Amino acid sequence: MDLLDGLNDKQKEAVLHTEGPLLILAGAGSGKTRVLTHRAAYLIQQNKCKPYNILAITFTNKAAGEMKERIEKTVGFNPEGEVWVATFHSTCSKILRRFIDRIGYKNDFTIYDSEDQKTLIKNICKKLDIDTKIHKEKALAAQISHLKDKLITPTQFLLEKEGDFTKKVLGQVYVEYQSQLKKNNALDFDDLIAKTVELFKTDEKVLDFYQSQFKYIMVDEYQDTNKAQFELIRILANKSKNLCVVGDDDQSIYKFRGADITNILSFEQVFKNTTVIKLEQNYRSTQNILNCANGVIKNNEGRKEKTLWTENDAGDKIKFIRTQSAYDEAENVCAEINDYVRNGGKYKDCACLYRTNAQSRVLEERLIRFRIPYKIVGGVNFYQRKEVKDMLAYLKTIESGLDDIAVRRIINVPKRAIGATSIAKVQKYADDNDINFYDALIQVEEQQALGKTSAKISAFLDLIRSFRDKLGNISLTELLEAVMVETAYIKELEAEKTDEAKDRIENIYELVSKMAQYEKDHTDATLTGFLEEVALIADIDSLDESNDYVVLLTIHSAKGLEFDNVFLCGMEDGLFPGTGSITEPDELEEERRLCYVAMTRAKRHLTLTCARERMIHGEWVRNNISRFVGEIPKEVMNENEAKEIETEEKKSTIMKPSQSSNAKAVFTTKAFGMESHEKADKLSYDVGDTVKHIKFGVGKVLEIVDGGKDFEVTVEFEKAGVKKMFAGFAKLKKI
DNA sequence: CTCCTTTGTCTTTTT
DNA sequence: GACAAAGGAG
């Protein structure tokens with residue numbers, strides 16, 4: 001088949017430009033996946049290289065699978081190997097699995113997810129005597145993650161931040177965190193990238209090996225790469241210079257995760273003689289949808305100007321539905337879906353997109369009531385469920401026992417009467433002697449160091465040993481089955497007899513069948529291999545188009561997907577854009593890009609919905625219509641709906657009595673129900689006292705004025721400056 | 001050591 | 001409102 005058939009001029013140019021750096025700026029729905037697959041196929045067909053000389057990096061496993069399938073379909077089965085299509089993380093994992101011993105790790109490392117990370121940091125804080133009320137594990141984890149995104153090692157960090165006392169704790173934790181990971185023979189997600197870069201920079205031979213293998217490199221969703229990922233591909237492509245990246249700055253939505261837009265903006269400076277191709281024709285959406293999305297995104301200041309156009313017809317107007325509550329919103333969505341299906345549409349062509357996972361609950365409830373088949377993507381990943389992680393921790397422990405987090409997780413699950421104090425004692429012993437937790441257990445057993453508990457520990461170790469004896473003789477699936485039975489894990493759940501326990505048992509059986517499937521697919525199945533696969537899986541990867549169900553997912557997860565009929569729910573200020581981003585211009589722009597991504601998922605029908613009030617944190621909150629809705633050109637909407645938005649906008653400007661944040665809070669909190677804003681007779685603090693505020697931190701009270709309904713307190717905060725606030729809202733605490 | 005109650009935190013988004 | 005962590009009783 002002719003690979004250039006059906007491509008437009010720009011697309012052809014991109015396929016034919018095989019040598020040297022190439023930057024493709026591809027607008028939403030401009031057929032970039034098509035270009036990438038055809039480009040790979042072209043390289044093979046023209047005999048420019050063997051399939052295994054091509055590396056294509058995608059954002060999700062799902063996208064990788066699809067691209068691989070499409071390339072194979074285009075060139076046919078190729079006996080000379082396969083194109084390497086994978087995500088950044090699994091690519092790095094594969095490389096490290098082979099060579100990480102060159103930089104001092106063991107090749108059978110395990111991968112820590114964010115929960116493991118958090119537990120590890122918590123343990124470290126305990127050890128270093130750091131108050132996790134002031135330094136939150138999650139915040140520390142995020143900061144460490146950002147350092148790794150920028151390839152800053154603990155040593156470098158300490159060097160650079162020497163004398164900066166505000167960063168002292170972070171430095172301490174980072175150093176300890178990294179050394180613990182190494183001791184546990186574990187890598188976190190960021191390490192997968194960073195350690196691969198480190199490997200390439202330390203071992204020339206390994207680098208040379210991969211540089212020679214990957215003669216052509218392609219990167220999809222390039223706008224969402226971070227500095228470490230950029231460095232990785234820069235090094236890899238340094239020899240051949242045949243690097244082709246595809247991205248759209250308007251669709252950059254992972255800044256919070258370290259995505260660095262300068263990777264796109266300065267690509268031409270880093271790679272000399274770069275060819276730039278812009279794909280601006282959209283094949284996906286109707287004229288109206290495109291105009292709608294364009295109208296919103298053009299309000300962003302920091303973007304490369306581009307004009308996305310389409311030859312498609314105008315299509316339906318954009319629908320806008322505002323309801324009283326989030327429940328009504330969900331019902332309206334259900335009714336619309338029913339209409340759509342009644343008119344010949346399919347459930348699977350419908351998607352409900354939202355900003356936060358929490359919004360899925362109400363939608364789900366109504367979908368059930370309407371008997372509409374649905375699938376929720378995201379939320380709690382299957383492999384993150386407690387029972388599944390427990391099983392995996394057993395497997396990890398059986399395999400090596402190096403992973404302290406795993407061992408500690410299961411030592412008392414099911415209950416073995418080994419409590420927190422015993423664990424702390426063993427941990428102290430391990431720390432003092434600089435050995436792993438599991439080894440410390442063995443020594444405690446030998447020395448009978450913990451009295452009665454020693455016997456309990458011994459029983460646990462015997463259990464693990466009995467599994468280890470079986471390891472080579474039975475299949476992995478059988479091993480897992482043995483674990484769930486012989487630990488009495490299942491028995492304990494059965495005894496509970498609750499619905500929840502039944503779910504858990506089901507999940508464990510589900511894990512067993514996943515394991516069986518893995519063993520079927522891999523002749524060289526190993527425990528390490530299974531654990532790796534499981535660690536790098538995203539929920540979106542399980543989305544199966546052959547099932548006819550409505551898909552519910554966050555906008556982030558929807559990136560790269562398209563649906564005929566899209567519902568964008570919760571279009572409210574405070575939710576989308578979220579409260580935190582309204583005051584920060586940069587963050588507001590990211591939210592707007594997110595909105596742009598959401599809208600451009602739609603092929604023919606786009607419905608925006610919002611509610612006047614909804615439950616957030618168990619409190620009713622009133623929201624205005626999202627400012628993004630007001631940015632939509634009026635002509636793409638129905639007249640009366642556009643008018644409703646307009647009048648609402650006017651009202652909300654009148655409603656805003658002043659610019660001050662606390663005044664706004666009076667209007668946005670509490671629609672009805674119990675009054676939380678009640679004037680106290682007397683305050684627990686006085687002028688001159690030091691108080692703490694939930695958001696602004698610690699400060700000194702300057703003034704207290706009795707405003708009749710409430711006390712108005714003026715506080716000078718150490719970080720946030722001077723703020724005036726109502727005592728009833730601020731909930732200041734004297735410290 | 002375990003179970004139960006209370007308190008606090010959470011809202012961004014994910015590999 | 002949901003869930004985890006901390007605190008208190010047995």
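For the structure, see preceding data.
Attention in this report is confined to the structure presented alongside it. (Residues numbered from 1 in each chain as written. Chains lettered and ligands numbered in written order. Predicted model: local features only at pLDDT ≥ 70, side-chain atom pairs only at ≥ 80, totals over all residues. Heavy atoms only, no water.)

**A look at the protein's contact with DNA strand C**
Every residue near DNA strand C is listed here: R361, M615, H617 and G618. Take the atoms of DNA strand C that sit within 4 Å of the protein: sugar and phosphate atoms are 40% of them. (Near = heavy atom within 4 Å.)

**Comments concerning the environment of Q223**
With respect to the element layout, Q223 can be found in the loop between β6 (216-219) and α11 (227-236). Along the primary structure Q223 and V246 are separated by 23 residues, whereas in three dimensions their C-alpha atoms are 7.9 Å apart. Those residues in contact with Q223, other than ones at most four positions away along the chain, are V246, G247, D248, D249, Q251, S252, A259, I261, I264 and K559. For Q223, the side chain forms a polar contact with the side chain of D224, separated by 3.4 Å. In this structure the side chain of Q223 is engaged in a polar contact, spanning 3.1 Å, whose partner is the backbone nitrogen of D248. (Helix = DSSP H or I, 4+ residues; strand = E, 2+ residues; numbered from the N terminus. Contact = heavy atoms within 4.5 Å. Polar contact = N/O pair within 3.5 Å; in protein donor to acceptor, adjacent residues only side chain to side chain.)

**A word on the sheet that holds β6**
Where strands meet in a sheet, backbone hydrogen bonds hold them as pairs that are either parallel or antiparallel. The 6 strands are arranged β3-β2-β6-β7-β1-β8 in an open sheet whose pairing can be described as parallel. Single-partner strands in this sheet number two, and they are β3 (84-87) and β8 (275-279). Across the sheet, the axes of successive neighbouring strands diverge by a mean angle of 15°, strand direction being ignored. Against the sheet, helix α3 (residues 61-75) contacts β2 (54-58) and β3, and its axis sits at roughly 165° relative to β3. (Pairing = 2+ DSSP bridges. Axes fitted to C-alpha atoms, helices over the stretch in contact; angles between N-to-C directions.)

**As for the packing of aromatic side chains**
Scanning the entire structure with this criterion turns up 15 aromatic pairs. Here the aromatic cluster, defined as three or more aromatic residues joined through ring pairs, consists of W84, F99, F200, F209, Y210 and F214. Here the guanidinium or amino end of K94 rests over the ring plane of W84, the centre of that ring lying 4.3 Å away. In this arrangement the basic side chain of K559 is found over the ring face of F59, its NZ or CZ atom lying 3.9 Å from the centre. (Phe/Tyr/Trp six-rings, centres within 6.5 Å; stacked < 30°, edge-to-face > 60°. Lys NZ or Arg CZ within 6 Å of the ring centre and 35° of its normal.)

**Examining the nonpolar core**
Grouped together as the largest cluster of nonpolar side chains are 50 residues, with contacts concentrated most on M391, L392, V426, L441, I457, F460 and L511. Not counting residues within four places of it along the chain, the set of residues in contact with I457 comprises I418, V426, L441, V444 and L450. (Core = buried A, V, L, I, M, F, W, Y, C linked by side-chain atoms within 4.5 Å. Buried < 20%, exposed > 50% of the residue type's maximum accessible area, 1.4 Å probe, protein only.)

**Section: a positive patch on the surface**
Together, K118, K122, K126 and K138 make up a positively charged patch on the protein surface. Per element, the largest residue contribution to the positive patch is 3 residues, and it comes from helix α5 (residues 114-128). Note on placement: K138 falls in helix α6 (residues 137-149). When its relative accessible area of 63% is taken as the criterion, K138 is described as exposed. (Patch = residues over 30% accessible without salt bridge, like charges linked within 9 Å, V, L, I, M, F, W, Y side chains within 5 Å. Areas by Shrake-Rupley, 256 points an atom, 1.4 Å probe, with all protein chains shown as cover. Salt bridge = Lys/Arg side-chain N within 4 Å of Asp/Glu carboxyl O. Lys, Arg positive; Asp, Glu negative; His and termini not counted. Charge placed at Lys NZ, Arg CZ, Asp CG, Glu CD.)

**Examining the protein's contact with DNA strand B**
For DNA strand B, the set of nearby residues contains 25 residues, the closest of which are K138, R355, G419, T421 and A538. A breakdown of the atoms of DNA strand B within 4 Å of the protein gives sugar and phosphate a share of 55%. Here H89 contributes a side-chain N or O atom positioned 3.1 Å from a base oxygen of DNA strand B. Contacts to DNA strand B include R257, whose side-chain N or O atom sits 3.3 Å from a base oxygen. Where the surface near DNA strand B is concerned, the elements lending two or more residues are α19 (420-433), α26 (555-558) and α28 (585-599). Here the residues of the surface near DNA strand B are counted per class, giving 7 nonpolar, 11 polar and 7 charged. (Nonpolar A, V, L, I, M, F, W, Y, C, P; charged D, E, K, R; others polar.)

**Considering the packing of helix α4 (residues 88-99) against helix α10 (residues 204-213)**
Put simply, α4 and α10 touch, their axes get as near as 12 Å, and they point 135° apart. When the interaxial angle is binned, α4 and α10 end up oblique. The two elements α4 and α10 cross, and the hand of that crossing is right-handed. Residues I95, R98 and F99 of α4 pack against V206, F209 and Y210 of α10. (Parallel < 35°, antiparallel > 145°, perpendicular 65-115°, else oblique. Left-handed = near helix turned anticlockwise from the far one by under 90°.)

**Side note on the state of the cysteines**
What the rule picks out here adds up to 0 disulfides. Unpaired in this structure, C569 has its nearest cysteine sulfur neighbour in C352, at a distance of 5.0 Å. (Disulfide = S-S within 2.5 Å.)

**As for the pattern of salt bridges**
All chains considered together, the criterion is met by 51 salt bridges. Here the salt bridges do not stand alone but share partners, grouping D113, E115, D116, K389, D390 and R409 into one network.

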